[in-house]
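Observations on the three-dimensional arrangement
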Amino acid sequence: MNSASVREVLVLHHSHTDIGYTHPPIVVWELSRRFINEALDLCEATADRPAGSRVCWTCETTGPLLHWLEHASDRDIARFRRLVKRGQIGAAAMALNITPLYDTEELIRHLEPIGRLKKELGLPFKVAINHDVNGLPWPITDLLLDAGVEMLLMGINVHLGGYPLQRPRGFHWISPSGRPLLTFNAEHYQSFDREARLRENSLAAMAEGLGAYIDGLVQKGYAYDFIYLSATHPTFPDNNPPNPVAAELIRRWNAEGREPKIRYVLPDEIAARLAAQPAEHLPSHAGDWTDFWNFGCGSAAVETKVNRRARRRLVAAETLRSLTAVRPAKTLPGTWGDAWHNVQLHDEHSWGIHATLRTVPPEPINEQWYQKAITAYRASSLAGLLFRDVFEQWAGPAAPETRPSGLMLCNPTPVETTGCVRVPERIIQRDWEFLSSHVLQLELQRDLGTPPDHGTLDAFSTPAPTVLAGPFTLPPFGFKYVRLSELKPAEVPPELTAREGRIESAFYRLDYDPATGRILALHDKARGVNLVEGSSPWSFFGFVREMPDPAVHSHDLPEKGREAYFTTDWVKVHHGISAWNTAWTARRETPARLVEQRTVLTPEGASLLLRWEAPGVQDFQQKITLGAAAPRVVCTASYNKLDVRAAEAIYFTFPLAQRDWRAHFDTAGAPVEFEREQLPGSCRDWVTADSWVCVHDAKGAVTLACPDAPLVQIGGFRFGRGNLSSDRSQPPLLLGWPMNNYWSTNFRASQPGYAQFRYVLTSHATYDPAESARVGLQAQTGIEWQPVADAPAAKSGRLASVRGKGVFLIGAELHRNTRVLHLLNVTSRPAKATVRLAGAAITSATRIDPAGRRLGNLPVGGGALAATVPPRSVLLAAVQTGEAG
C-alpha cells in the first residue's frame, strides 16, 4: 500500500436519511428512532476501546433526531448527552437532505431546530451535512455561517447527476455576502463500506481495497495527510442501522498496528483536520451549487405546484400574524409546526420507492408515493386553515349567523398588487351568514374561483354564481375595507381589443396566425420592440413533448428508454465517473392539430384561447392573457396527461428575440448569473428557479415568473447534454419544463390526470434584479378578501413599509412578544433599508440567526429599523415595539 502521504483514514458512521425510497416514510421515522437507540448501545459497548477504535455515531440530519427526542426516555436522553461529552455522538446541522425547491423562508425554518438540540442535548453543530443530493442553493452559505456552522460536508451521488470542481477536495465556498464557508466536496456517502470491501468481512480485503483507493488518490495528486470516508452499512446503505461488523474490523486493524490508522470520528474533527491544511490546498470558489437531481420534482409536477403555493400561503399567514400581532384563539399552536414540517418533507429529495418502474404488484409503489404526495396536500390544507384563522381574527370575527356588510381586501406580499376579486353573489346580496365552516369553505375553495353553494341538494356539483369586482390596487402589505354596496362588477377597459389575428392591451400587442395558432409577435408597446424570435422553429408558449427517439433507443428495455441518456454503471458511479450518454437522440413533437381558437375580453385582460390535439395529453388548452391593469402576459396551460411510463418530458417554449444575451435566475431568493455564477461543474443543463428567470441583452430584458413549475432550461433543449456552454450569439430559447419522468429510480414513473401550469412574462428596458424579483412575487399571490360584519365607511392602510433599493420584507414570525422580520436584499451590493410597522414604534432590534441566537444589535431611530442588509442575503431582525408616537 502506497500510504506514505496518507497517515489516517477518518470514518464518519451514520445512517443516510431518505424519507422514503427504501421504506414508506412513516416507517422510516420509526426506524430512525430505533437506529439512534442502537447507536447508543454500540457506542457504550465500545467505549473502553482505544480512541479511534471506539464507535462514534453521527446523526446525519436533525429531523430524525428530533423525532427520537420526542419519544426518548429521560434515561436515554441522559445517555445521549454523556456520549456527546465523551465525543462518541454528534450531529450535523441540516434537518433533511434537501432539494433547491427550498426557498429562503424554508431554509430558515430548516435550521431552527439546532437551537433546541444544542440546549437539550449539548450538541455543538459546527458542521452541516447534505448527502446524496447534488447541490444546495447559494444563500444557504450565509445562513449556515450565521448559525455558527464552520464546515459543509457534501457526499454527492452522481447517478443521473454530477459534482463540481474536484473530489475528494476541500475549498472555501464564498457566500453571496462574500464570507468563506469551509466545504468538503467528499466522496459519495457509504464510500468506506465500498472501498474497504466490508461485505467480505476480511482484513485482507480491507487492506487491498483501501490500498487501491489511496494509491489512486496519490497518483492523482491528492495532497492531504488523511482521507475521509463515510460509513453507512455495506448491505443496506440508506436508512440503515449501525454496523457492529465494521466496528470489529476497525478494532482488529488498529490492534494489529496496520497503516494507515483507521479512526472513527465526528464531523467536528473532519472540519478541524480540513481547516488545518495549507491555504494552497483550500482554494476559494463563489457561485451557486446548482443541483442536477431536482429534475425529479417534475415527476411530481402537480404536488410540487401544490406545495409551492402552500408555502407561500403559510408565509403570508405567519407574516400577517406577526405584523398584526393577532393570536387566533381557534388555532392550535402546534399547527404551525405541523404545516412547516409537511412543506419541508415534500421538498426533501426522496420522490418515491427505489423500484418505481416495476408495475406488479403496484401496491408498494403506491404506498410510498401516496405518503410523499400527502405531505403537499396536508401542507396546503393547514396553510389555508392558518391563513383564514389569522385573516378572520384580524379583519374582525363575526357572531354566528350574522350577515356581512363588506369585505376586507388584503395584499400579503412585499410588492404592490393590482387585480380583481371574485366574490360569490350571495355575499354581495347579503344572503350569506357567518359560520366557521362557511368562512373556511371560502378558503378551501378559493382556487376554484366559484365556491360551491350547498344550500340545496342539487347544488353539490353546480358552482355558485360570482361577481368579478375591481380592479383594486393595494400597496405592499396593504389593506382596504370595501362596503358591499360599493362592490360593482368590473368592466372591460377600452384599451383591450381583439380582432382576427391580434389581441391588444395598453401594454402589449400579440399577433398570431388564426389558421395555425402560432404566435407571430409579442410587442412591448412602451419599448417599441418585438419580444418573440420569429425565425425560431418553436412557437411562443409552444407545447413540446420530448422522448428518447424510439427509432434509435428502444422503449422496451427495463428502464423504458432511460438507457438512452444514462447508463446505470455502478462501478463508474461509485468512482465519480460520469455515466451520461450526451449524444442521445431526442424526438420532439408539437401539437398535431389546432382544434379551436378564439379571443375573449374580460376585465382582467385580452385573452387568446387555443385548444389542441397534442401528443401524450388530452383536452389540451392554452390561454395567453395580456393583463389589463399591469404590464404582464399570463400564459396558462391545462391538459389531461395520459398514462405513459416510457421516458418523456413536457416543455413550453419561449423563443426570445435577443442577441449576445445573458441570463439570471433566483435560487432561494438570490439572483445568480447563469453559467458565470455557478460553481464549475454544477448543473447548467437546467436550473430550479425559486420564482423567476430573466434573459437580457443590451436592448432589454424579459423576466419569466414560474409560480407553479420551477424547472427551466436556458438557451435551448439541454437535458443530458453535458453542461455545454451556451452559444450566446444565437437567439435564446427559454424552456418552461413542468413535467418529466426522466428519473430511473426514486420518482413517479407516470402521473396521469389533469394538470394546469402558469407562467407570467414581463418585459423591461434593462435587467434589474429588484424588478425581476417584483415580477416573481406578484405572480405568486393575488389580492385576498374576507367578509366582515361591520365594514367602516372608509378605512385603508398598510401593515409595514420598507424603503431601500432591492430590499423586500419577505416574511415575518411572531416569537412570544417579539416580531422577527426577514429582510432580503436581491442586489449584489449591501443595501440600507428602513422598516416601519403600522401603529407600532420599533424601540430596539437585534440581528439573530435562524435558531434564534443573538448576533448583535441593529440601529433603530425615530421608531424605525435602519439596517444594512448584505448582498443577495437575508437578514433576520428581532424587533421590540411600543405604541407609535
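Quick note: structure is the one above.
Residues numbered from 1 in each chain as written. Predicted model: local features only at pLDDT ≥ 70, side-chain atom pairs only at ≥ 80, totals over all residues. Heavy atoms only, no water.

1. Examining the overall build of the protein chain
Our working rule: Numbering of helices and strands runs from the N terminus; a helix is a DSSP stretch of H or I covering at least four residues, while a strand is a stretch of E covering at least two. Restricting the calculation to C-alpha atoms gives the radius of gyration, and the globule rule supplies 2.2 Å times the number of residues raised to the power 0.38. Accessible area is worked out with a 1.4 Å probe on protein chains only. A residue is then buried under 20% of its type maximum, exposed over 50%, and partly exposed in between. Throughout, a contact is declared for two residues whenever any of their heavy atoms are within 4.5 Å. Reported accessibility uses the Shrake-Rupley method at a 1.4 Å probe radius. Residues are deemed covered only where the shown protein chains occlude them. In this tally Asp and Glu are treated as negative and Lys and Arg as positive; neither His nor the chain ends contributes. Taken as the charge centre is NZ of Lys, CZ of Arg, CG of Asp or CD of Glu, depending on the residue.
The helix and strand inventory of the protein chain stands at 17 helices and 45 strands. Taking 885 residues into account, the globule formula puts the C-alpha radius of gyration at 29 Å, and the protein chain, at 28 Å, falls close to it. By its C-alpha atoms, the protein chain is 90 × 70 × 55 Å across when sized along the principal axes. Counting over 885 residues, the protein chain shows a buried share of 63%. Long-range contacts, defined as pairs at least 24 residues apart, comprise 76% of the intrachain contacts of the protein chain with a sequence gap of at least 6. Looking at the protein chain as shown, the accessible area adds up to about 32200 Å², and 50% of this sits on carbon and sulfur atoms. Taken as two groups, the 93 positive and 93 negative side-chain charges of the protein chain have centres that lie 4 Å from each other.

2. Regarding the sheet that holds strand S22 (residues 593-602)
Stated formally: Two strands are counted as paired when DSSP detects at least two bridges linking them. Every axis in this analysis is a line fitted to C-alpha atoms, fitted for helices over the stretch in contact. Angles between the N-to-C directions lie between 0 and 180 degrees.
Within the open sheet, the 9 strands sit side by side as S22-S23-S24-S25-S34-S31-S30-S27-S28. Their pairing is antiparallel. With partners counted over all chains shown, the strands left at the sheet margins are S22 and strand S28 (670-673), one partner each. Taken pair by pair, the neighbouring strands of this sheet meet at an average axis angle of 20°, ignoring direction. Together, S28, strand S30 (692-697), strand S31 (700-705) and strand S34 (753-764) form the strand contacts of helix H17 (residues 769-780), whose direction differs from that of S34 by roughly 150°.

3. Here's the deal with the nonpolar core
Which entries qualify depends on this criterion: Buried Ala, Val, Leu, Ile, Met, Phe, Trp, Tyr and Cys residues form a nonpolar core when they are joined through side-chain atoms within 4.5 Å.
One finds Phe80 and Phe192 to be the most contacted residues of the largest nonpolar core, which totals 206 residues. If you look at the next biggest cluster of nonpolar residues, it comprises 48 residues, including Leu382, Phe391, Met408 and Leu823.

4. Overview of the packing of aromatic side chains
The criterion, for reference: Pairing of aromatic rings covers Phe, Tyr and Trp, the last through its six-membered ring, and needs centres within 6.5 Å; plane angles under 30 degrees mean stacked, over 60 mean edge-to-face, and all others mean tilted. Only when the NZ atom of a Lys or the CZ atom of an Arg is both within 6 Å of the ring centre and within 35 degrees of the ring normal do we say a charge sits over the ring.
For the structure shown, the criterion picks out 45 aromatic pairs. Relative to Phe719, the ring of Trp584 has its centre 6.1 Å away and its plane inclined at 80°; by these criteria the two rings are edge-to-face. Placement of the pair is Trp584 in the loop between helix H16 (570-574) and strand S21 (586-589) and Phe719 in the loop between strand S32 (711-714) and strand S33 (733-740), with a sequence separation of 135 residues. Of the two residues, Trp584 and Phe719, both sit in the buried class. Above the plane of the ring of Trp661 lies Arg728, whose end atom (NZ or CZ) is 4.5 Å from the centre.

5. A look at the sheet that holds strand S9 (residues 261-264)
Spatially, 3 strands are ordered S8-S1-S9 in an open sheet, and the strand pairing comes out parallel. Because the sheet does not close on itself, it has two edges, and the strands there are strand S8 (226-231) and S9. Across the sheet, the mean angle from the axis of one strand to that of its neighbour is 25°, orientation sign disregarded. Most of the contacts of helix H8 (residues 203-219) go to S8, to which it runs at about 125°, and overall it touches strand S1 (8-13), S8 and S9.

6. Some thoughts on the pattern of salt bridges
Pairing between side chains of opposite charge can happen when the charged atoms of each approach one another. Selection rule: In the sections that follow, a salt bridge refers to a side-chain nitrogen of Lys or Arg positioned within 4 Å of a carboxyl oxygen of Asp or Glu.
Across all of its chains, the model carries 56 salt bridges by this definition. For the salt bridge of Asp511 with Arg509, the shortest nitrogen-to-oxygen distance reads 4.0 Å. Residue class for Asp511 comes out buried when judged on its relative accessible area of 12%. The residue Arg728 makes a salt bridge to Glu675 at a minimum N-O spacing of 2.5 Å. With Arg728 in the loop between S32 and S33 and Glu675 in the loop between S28 and strand S29 (687-688), the pair connects residues that are 53 residues apart, well separated along the chain. Taken together, the shared-partner salt bridges in this structure form one network comprising Arg7, Glu8, Asp225, Arg263, Glu269 and Arg273.

7. Some remarks on the state of the cysteines
Put simply, the rule reads: Counting rule for disulfides: a pair of cysteine sulfur atoms within 2.5 Å.
Considering all chains together, one arrives at 0 disulfides under this definition. The cysteine Cys297 is free of any disulfide, with Cys706 supplying the nearest cysteine sulfur at 11 Å. Relative accessible area serves as the criterion here: at 2%, Cys297 is assigned to the buried category. No disulfide involves Cys410; its sulfur sits 17 Å from the nearest other cysteine sulfur, which is in Cys420. Taking relative accessible area as the criterion, Cys410 reaches 0% and is therefore assigned buried.

8. Looking at helix H5 (residues 113-121)
Cut-off, in case you're wondering: What the arc describes is the spread of directions from the helix axis to the C-beta atoms.
For H5, every residue scored as buried is listed here: Pro113, Ile114, Leu117 and Leu121. Seen from one end, H5 has its buried residues packed into an arc of 90°, which puts them on one side. Where H5 is buried, its residues touch helix H2 (62-71), helix H3 (74-86) and helix H4 (104-111). Note on H5: the residue one or two positions beyond its end, Gly122, has a positive phi of about 75°.

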